[in-house]
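# Coordinate analysis (summary)
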Amino acid sequence: MKNLSARVVARLQAEMQLPDLSGTRYNLVRFVASGGMGSVWLA
Amino acid sequence: MTRHSLVVAAQSNDPATRSWAIEGIAAAYWRPVYKYVRTKWNIAPEDAADFTQEFFTRLLEKEFLDSYDSGKGRLRTFLRTCADRLFMNQTRDSKRLKRGVGSANLCLDFMEAEQEVATELLSESPEDSFDKEWVRSIFVLGLARLQASCESGGKLIYFELFERYDLEEADPKPSYAQLATEFGLATTDVTNYLAFARREFRRCVLDQLREMTTSEEEFRREAQVLLGMKVT
């Protein structure tokens, strides 16, 4: 398999940090804060 | 949870198990090792390629991994330290193996790696670059898993959409509507298929990482580095 560019890796990493809201009625708005237990997002 | 750790398998006394496991470890670490010795010790590409082959041959011969204890540190830090030690020992002894002699015979594309070395920024330390290269390798292996899983599950179009939208560097990206026309799908299908592929990709990357670690604690620590977040 072809190697990935640094730019694509950074994009995938960022995408994987987003909560998965598929199948819900919510849309992600923005990141609020993070702490020891996880992250808080506005949806 | 059953953990099939490549690291544990690589410490096995059974040569076949060990060989299979080293192949898996090499798939994730050969690029980081090659690029690390190329930039840190400034050695020629063919010497770095020889060194990388020999490094994994030594792993196969249980020269390094028997002393690895996940409680004392990360595997990637351990392997980087082993590479430093091997290089210094080789320099001291001037007993480099000739290319191909006694090597693990891994099929590694050093030419492609060398092209990447030539185009990458050398502003970061070899150690930071080793870690970044490791992240990249885990992602590439995760991607191969995703492709295999989509193919075997009759969902190749999910992978192709993911490849087209998330892996290509097109600027601007195609819209979901454009992809729908291109692939003969409804726009809602594009949304759903991409969501599925991204979720599966995350799972594949974490499965890959799980194989490369020996304990749940190490896995969680490394997942935090890999994804920049806590994995629950």
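Above: the structure in question.
Residues numbered from 1 in each chain as written. Chains lettered and ligands numbered in written order. Predicted model: local features only at pLDDT ≥ 70, side-chain atom pairs only at ≥ 80, totals over all residues. Heavy atoms only, no water.

### What about the pairing of strand β1 (residues 30–35) of chain A?
Remember that side chains alternate between the two faces of the sheet whenever the strand is regular. All names here are of chain A. Relative to strand β2 (residues 38–42), β1 runs antiparallel, the two being bridged by 5 bridges. Note on β2: the bridge partner recorded for S34 is S39. Turn length for the β1-β2 hairpin, with the two strands adjacent in sequence and antiparallel, is 2 residues. (Pairing = 2+ DSSP bridges. Helix = DSSP H or I, 4+ residues; strand = E, 2+ residues; numbered from the N terminus.)

### A word on the packing of helix α2 (residues 15–40) of chain B against helix α4 (residues 75–93) of chain B
A pair of packed helices is captured by two measures, namely the crossing angle of their axes and the spacing between those axes. Residues and elements named next belong to chain B. Two elements in contact, α2 and α4, have axes separated by 11 Å at closest approach and are oriented at 45 degrees. The orientation of α2 relative to α4 falls into the category oblique. Along this stretch, α2 crosses α4, giving a crossing that reads as right-handed. Taking contact as the criterion, the partners of I25, Y29, Y36 and K40 in α2 are, on α4, L75, R76, L79, R80 and D84. Tallied by class, the residues present in the contact of α2 with α4 amount to 5 nonpolar, no polar and 4 charged. (Axes fitted to C-alpha atoms, helices over the stretch in contact; angles between N-to-C directions. Parallel < 35°, antiparallel > 145°, perpendicular 65-115°, else oblique. Left-handed = near helix turned anticlockwise from the far one by under 90°. Contact = heavy atoms within 4.5 Å. Nonpolar A, V, L, I, M, F, W, Y, C, P; charged D, E, K, R; others polar.)

### Examining a nonpolar patch on the surface
All names here are of chain A. Residues V29, V32, V40 and L42 make up a contiguous nonpolar surface patch of roughly 330 Å² in combined accessible area. Within the secondary structure, V32 is located in strand β1. For V32, a relative accessible area of 45% translates into the label partly exposed. (Patch = residues over 30% accessible without salt bridge, like charges linked within 9 Å, V, L, I, M, F, W, Y side chains within 5 Å. Areas by Shrake-Rupley, 256 points an atom, 1.4 Å probe, with all protein chains shown as cover. Salt bridge = Lys/Arg side-chain N within 4 Å of Asp/Glu carboxyl O. Buried < 20%, exposed > 50% of the residue type's maximum accessible area, 1.4 Å probe, protein only.)

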